[in-house]
Amino acid sequence: MMMNDMPQAVQAQEPTQVSGRRIGDVVLDLQNISLSFGGVKALTNISFDVREHEIRSIIGPNGAGKSSMLNVINGVYHPQEGRILFRGEERRRMEPHMAAAQGIARTFQNIALFKGMSVLDNIMTGRNLKMKCGLLAHALYWGRAQKEEIAHRVKVEEVIDFLEIQDIRKTPVGALPYGLQKRVELGRALAAEPNLLLLDEPMAGMNVEEKQDMCRFILDVNDQFGTTIVLIEHDMGVVMDISDRVVVLDYGKKIGDGVPDEVRANEDVIRAYLGTSH
Ligand SMILES: Nc1ncnc2c1ncn2[C@@H]1O[C@H](COP(=O)(O)OP(=O)(O)OP(=O)(O)O)[C@@H](O)[C@H]1O
């Protein structure tokens, strides 16, 4: 069957009862998003929402449009069509720094850290947007700048404790195994104290133990800080275990949307994705 002939996607249900956790109102509402690059249609008429405190996963085969969707959410890509409402307000042209200022943080498919810098300093870069004192004030070490610096360091140390990476805090990131680098990247995102966290394949390339650790941290972030999480992940076991709701893309179109059990039972999803060995 051609993808275009596929029946209508399964519609999302109210997720309030899904995990026993407190799921709130819609914080992000994506309506009829279409994005193309020249002749390539990366996203076609995609609509879905994200509710406060939920873990919302985006899955789909390679090239389905998942990363493009995250890039739309944090203002890296600007869709040609559609509306984006964040906390009830329609966003016009959004740039990544504006998304960050609104409390949206993200990690990347390919780790984007400063490899020669220590874990501590990398996580500190996540505080940049929160720093009010300029460089000059810091250089002169005035009282206010000093107080601010201490407050940032305290926050960074909290993140380091939370992620259980105290013993590598002074280690250059480039010297760490891949799984720990991914954890540091999560740390940098957390240092920004986001209310919406976008995670692009946080478990890619990890062994089973590292994946378990990362799952635990994602669940703890969601649970302890109440952070809303949008997650792209290829590991179906992980996705189905930790997500409140899952949206499924295929060739830039939405073919499924619902709680894990609904998505698992969706014939189109099975055909397009779960039945294949991605
Ligand atoms: N900057 C870009 N310029 C041109 N084409 C792009 C760009 N970004 C994405 N695309 C195209 O859009 C489509 C969707 O890509 P995207 O990376 O969003 O998919 P994905 O689902 O994240 O894939 P993967 O699982 O492999 O990361 C692909 O055909 C890709 O080649």
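By the naming in an unreviewed UniProt entry, the chain is ATP-binding cassette domain-containing protein, taken from Aromatoleum toluvorans.

S.K.: Can you tell me about the nonpolar core, naming the residues and giving the values?
M.R.: Ile73, Ile123, Leu197, Leu198, Val230 and Val248 are the most contacted members of the largest nonpolar core, which totals 62 residues. If near-sequence neighbours (up to four positions away) are discounted, leucine 198 is found in contact with Leu70, Ile73, Asn74, Ile104, Arg106 and Val230.

S.K.: Give me the site of the ligand: which residues, what numbers.
M.R.: Phe37, Val40, Ala42, Gly60, Asn62, Gly63, Ala64, Gly65, Lys66, Ser67 and Ser68 make up every residue found near the ligand. At the level of secondary structure, the elements contributing two or more residues to the shell around the ligand comprise strand E2 (40-51) and helix H1 (66-73). Residues of the shell around the ligand, tallied by class, amount to 4 nonpolar, 6 polar and 1 charged.

S.K.: Residue-level account of the pairing of strand E6 (residues 104-107), with values.
M.R.: The side-chain alternation of E6 yields two buried faces, one formed by Ile104 and Arg106 and the other by Ala105 and Thr107. Pairing of E6 with strand E7 (residues 196-200) involves 4 bridges; the strand directions are parallel. Each bridged residue has a counterpart across the sheet, and for isoleucine 104 the counterpart in E7 is leucine 196.

S.K.: Which residues make up the sheet that holds strand E9 (residues 245-250), and what are the values?
M.R.: In spatial order, the strands read E6-E7-E8-E3-E9-E10; together these 6 strands make up an open sheet with mixed pairing. This sheet does not close on itself; its edge strands, each paired only once, are E6 and strand E10 (253-258). This sheet shows a mean twist of 15 degrees between the axes of neighbouring strands, independent of strand direction. Pairing analysis gives 4 bridges linking strand E3 (residues 55-59) to E9, with the strands arranged parallel. Along E9, the bridge assignment pairs serine 57 with valine 246. Sheet contacts for H1: E3, E6, E7, strand E8 (228-232) and E9; angle to E8, the most-contacted strand, approximately 150 degrees. Taken strand by strand, helix H6 (residues 178-191) contacts E6 and E7, and its axis lies near 170 degrees from that of E6.

Each value, and the rule that gives it
- Residues numbered from 1 in each chain as written.
- Predicted model: local features only at pLDDT ≥ 70, side-chain atom pairs only at ≥ 80, totals over all residues.
- Core = buried A, V, L, I, M, F, W, Y, C linked by C-beta atoms within 7 Å.
- Buried ≥ 20, exposed ≤ 12 C-beta atoms within 10 Å, placed from the backbone.
- Contact = placed C-beta atoms within 7 Å.
- Near = placed C-beta within 6 Å.
- Helix = DSSP H or I, 4+ residues; strand = E, 2+ residues; numbered from the N terminus.
- Nonpolar A, V, L, I, M, F, W, Y, C, P; charged D, E, K, R; others polar.
- Pairing = 2+ DSSP bridges.
- Axes fitted to C-alpha atoms, helices over the stretch in contact; angles between N-to-C directions.

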